[in-house]
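One letter stands for each residue in the lines below.
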Amino acid sequence: MSSYFFSGSVKLTLWGEAVELQGGQAYDFTHLRVKVFQDTKYLTTTPTSTFTQTDEKFLPPDDDVVNDLGQETIAVPHIDMVDNLTIMHLCKKCEGHLTDVTSLATAKCPTCNSIMLVQTCSKQATIRIGLQRPDQQVMWLTLLHQELEGLLTRHNAKHDTEISINSPEDELCHALLLSGNLELTYDTNTNIVRSLMF
């Protein structure tokens, strides 16, 4: 839920009884706390917060404001660094993440208890990319599987290669470091990339 003021909007995280508030209504709050997560300020309720429904009327926010809340789109001339490549095997039955599969021929899913051959399981991957900001600070964003596959597909088409998440780590990382001239939208609260445009 977000509160809307003349100057803009701010994210409001609700806890306890406040999660039962109805959308489309106006409320007065007391004893809210201002917090910061990854350089973004937001409000949160506390154990002593109170709220009262009011008769004040506000214009509903534009759909664009609500959809873009907590997201930022940036131009990326190139990727400066990569780290934390994680490749996960997925259970063939429930698609949960399998653990302890590095040296085993079979794996047991911790979620549904199915046992399967590791070599027959599909994989998903995530990786963090480091982008140097104008202030020389490095901003780390996480690429989930779909966006990582999109970058690799673009790289393969451009360089006539066949790099995939099954490729050796150094080849995969090299392909990402050659990527550039893209626009990405990321969640400013989690730093997860939500979409890529080439």
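Details of the structure are given in the entry above.
Quick caveat, the model's predicted, so the values are computed rather than measured. (Residues numbered from 1 in each chain as written. Predicted model: local features only at pLDDT ≥ 70, side-chain atom pairs only at ≥ 80, totals over all residues. Heavy atoms only, no water.)

Regarding the overall build of the protein chain
When its secondary structure is counted, the protein chain shows three helices and 14 strands. A buried classification covers 36% of the 198 residues belonging to the protein chain. Excluding contacts between residues fewer than 6 apart, the proportion of contacts in the protein chain whose partners are at least 24 apart in sequence is 54%. Split by element, the accessible area of the protein chain, about 13000 Å² in all, is 50% carbon and sulfur. (Helix = DSSP H or I, 4+ residues; strand = E, 2+ residues; numbered from the N terminus. Buried < 20%, exposed > 50% of the residue type's maximum accessible area, 1.4 Å probe, protein only. Contact = heavy atoms within 4.5 Å. Areas by Shrake-Rupley, 256 points an atom, 1.4 Å probe, with all protein chains shown as cover.)

Re the environment of Phe 58
Mapping Phe 58 onto the fold places it in the loop between strand E6 (50-54) and helix H1 (63-68). For Phe 58, a relative accessible area of 55% translates into the label exposed.

Concerning helix H3 (residues 169-177)
One turn of the α-helix equals 3.6 residues, which is why residues spaced by three or four share an orientation. Buried within H3 we find Leu 172, Cys 173, Ala 175 and Leu 176. Buried positions in H3, seen along its axis, are confined to an arc of 155° and lie on one side of it. The inward-facing, buried residues of H3 abut strand E8 (81-89), strand E11 (123-132) and helix H2 (145-159). (Arc of directions from axis to C-beta.)

Here's the deal with the nonpolar core
Core analysis: the biggest nonpolar cluster contains 26 residues, and Ile 127, Leu 141, Leu 172 and Leu 184 have the highest contact counts within it. If sequence neighbours within four positions are ignored, Leu 172 has contacts with Leu 85, Ile 127, Leu 148, Leu 152, Ile 163, Ser 164 and Ile 165. Ranked by size, the runner-up nonpolar core spans eight residues in total, among them Cys 91, Leu 98, Cys 109 and Met 116. (Core = buried A, V, L, I, M, F, W, Y, C linked by side-chain atoms within 4.5 Å.)

Details of the packing of H2 against H3
In contact at an axis separation of 9 Å, H2 and H3 are set at 80° when each is read in the N-to-C sense. Looking at the two axes, H2 sits roughly perpendicular to H3. Contact with H2, carried on its side by Leu 148, Leu 151, Leu 152 and His 155, involves Leu 172, Ala 175 and Leu 176 of H3 and no other residues of that element. Grouping the constituent residues of the contact of H2 with H3 by class yields six nonpolar, one polar and no charged. (Axes fitted to C-alpha atoms, helices over the stretch in contact; angles between N-to-C directions. Parallel < 35°, antiparallel > 145°, perpendicular 65-115°, else oblique. Nonpolar A, V, L, I, M, F, W, Y, C, P; charged D, E, K, R; others polar.)

Section: the packing of aromatic side chains
Per the stated rule, a full pass over the model turns up three aromatic pairs. Each ring, one from Tyr 27 and one from Phe 51, has its centre 6.4 Å from the other, and the planes form 75°; the classification is edge-to-face. Remark: Phe 51 occurs in strand E6 and Tyr 27 occurs in strand E3 (residues 26-30); sequence separation between them is 24 residues. What links up through ring pairs into an aromatic cluster is the set Tyr 27, Phe 29 and Phe 51. The lysine or arginine in question, Arg 128, covers the ring of Trp 140, its NZ or CZ lying 4.5 Å from the ring centre. (Phe/Tyr/Trp six-rings, centres within 6.5 Å; stacked < 30°, edge-to-face > 60°. Lys NZ or Arg CZ within 6 Å of the ring centre and 35° of its normal.)

Observations concerning the sheet that holds E8
Taken in spatial order, the three strands of this open sheet run E8-E11-E12, and their pairing is antiparallel. Only two strands of the sheet have a single partner each, and these edge strands are E8 and strand E12 (138-143). Shown here is a sheet whose adjacent strand axes are inclined to one another by a mean of 15°, direction ignored. Both E8 and E11 contribute to a ladder of seven bridges, which runs antiparallel. Within the sheet, the bridge partner assigned to Met 88 lies in E11 and is Gln 124. (Pairing = 2+ DSSP bridges.)

Details of the environment of Ala 125
When you line up the elements, Ala 125 lands in strand E11. Residue classification places Ala 125 among the buried positions, given a relative accessible area of 0%. For the pair Ala 125 and Leu 144, spaced 19 residues apart in the sequence, the C-alpha separation amounts to 6.7 Å. In this view, Ala 125 contacts Leu 85, Thr 86, Ile 87, Met 88, Leu 143, Leu 144, His 145, Leu 148 and Ile 165; residues no more than four positions away in its chain are not counted.

Note that all results are geometric; they support no functional claim without further evidence.
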